Amino acid sequence: MRITFLGTGTSMGVPAIGCTCETCQSEDARDKRLRSSVWLTWDGFHVVIDAGPDFRLQALTHRIPRVDVILLTHAHADHVFGLDDVRGFNFVQREAIPVLASEETLRRLCAMFGYMFQADPYDAASRPRLRAFSVEGPFYLHGLEVVPIPAVHGAVLSLGYRIGPIAYLTDFKTLLSVDKSCLSGLEVLILGVLRKRPHPTHLSVDEALDLLEWIRPRMTYFIHISHEMKHDVTSRELPSNVHLAWDGLVLDVDHEPWRCQGKS
Ligand SMILES: [Zn+2]
Ligand SMILES: [Zn+2]
Ligand SMILES: [Zn+2]
């Protein structure tokens, strides 16, 4: 499995509009963070997790050839406001693209993007063709088991995903379930960690490190990073197997041991 970090920034991105802080003025490319998203690909199958306002730019920059499935964590603007640009993939693939999310997220999407889900042929060419599926429990994607991990993110639930050797958990303060087995044996954990100071709805660095004591992944990469964490400074303060991710980072992970024969 190849993981490409399309964006690693918090909701406003980094640099933040109008900000003159050291991170926002940094020349280090790793301090330029688009809104958080990853592109996962294995055995010719392509998955994107979240499609925020930078989705079009991310798809072009990394030359994403197709999208077989979109997984959504929750319906905040920084995670879904690029869904209209899925139209480009509809034209290329000549098919509707499955979007998987919690029932709560799908309900919010219908309210935010009514035109995408209404059966109005007049608009058909100018809206994305999405097939919405509600995630109710574990399922299979192209031979790998996907386990949804619900977590509390202020007034909404965010859905993380365990996919074979990796997990993607962002935008939450506490996990809803304490079932350790869902997150055991991870090769790579991609974790939303906003900043050092506590925040009411996101993990701080200390809270994340406490969580890692419990989950014990082999490697962890932080995403959804605010401008309060400059890449080089913060990186020096983290344990050796914990990193700040950056836009464009590519990781290859062996997914063969997790393959479920005969499942798709
Ligand atoms: Zn967010
Ligand atoms: Zn700043
Ligand atoms: Zn959020």
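You'll find the structure just up there.
Residues numbered from 1 in each chain as written. Chains lettered and ligands numbered in written order. Predicted model: local features only at pLDDT ≥ 70, side-chain atom pairs only at ≥ 80, totals over all residues. Heavy atoms only, no water.

Engineer: Please explain the coordination of the zinc ion (ligand 1) as it appears in this structure.
Structural biologist: Coordination angles at a metal have ideal targets, namely 109.5 degrees for four tetrahedral donors and 90 or 180 degrees for six octahedral donors. Listed as protein donors to the zinc ion (ligand 1) are Asp-78 (OD), His-79 (NE2), Asp-171 (OD) and His-224 (NE2); their distances from the metal cover 2.1 to 2.3 Å. Classification of the site at the zinc ion (ligand 1) rests on its four donor atoms, whose angles at the metal span 89 to 167 degrees, yielding the label irregular. Read N to C, the donor residues that coordinate the zinc ion (ligand 1) are spaced as D-H-x91-D-x52-H. Separating the zinc ion (ligand 1) from the zinc ion (ligand 3) is a gap of 3.5 Å, which Asp-171 spans by donating to each of them. Taken as a pair, Asp-78 in helix 2 (residues 77-80) and His-224 in the loop between strand 14 (219-223) and helix 7 (231-236) lie far apart in primary sequence, 146 residues in all. Each member of the pair, Asp-78 as well as His-224, carries the same accessibility label: buried. (Donors = N, O, S within 2.8 Å, 3.2 Å for Na, K, Ca; no water. Tetrahedral: all angles 85-135°; square planar, octahedral: opposite > 155°, others 65-115°. Helix = DSSP H or I, 4+ residues; strand = E, 2+ residues; numbered from the N terminus. Buried < 20%, exposed > 50% of the residue type's maximum accessible area, 1.4 Å probe, protein only.)

Engineer: So what exactly am I meant to see when it comes to the environment of His-79 here?
Structural biologist: Of note, His-79 is situated in helix 2. Along the backbone, His-79 and Val-250 are 171 residues apart, and their C-alpha atoms lie at a distance of 20 Å. When residues no more than four places from it in sequence are discounted, the contact partners of His-79 are Asp-50, Ala-51, Gly-52, Leu-72, Thr-73, His-74, Thr-170, Asp-171 and His-224. (Contact = heavy atoms within 4.5 Å.)

Engineer: I'm lost on the pairing of strand 5 (residues 97-101) in this one. Help?
Structural biologist: Successive side chains on a regular strand alternate, one facing one side of the sheet and the next facing the other. Taken across its five residues, strand 5 has five buried, putting it largely inside the fold. Here strand 5 shows a buried face lined by Ile-97, Val-99 and Ala-101 and a second buried face lined by Pro-98 and Leu-100. Across two bridges, the pairing between strand 4 (residues 69-71) and strand 5 is parallel. Across the sheet, the residue bridging to Leu-71 is Leu-100, located in strand 5. When strand 5 meets strand 6 (residues 130-134), the two strands line up parallel, connected through five bridges. In the sheet register, Ala-101 faces strand 6, and the bridge partner there is Ser-134. (Pairing = 2+ DSSP bridges.)

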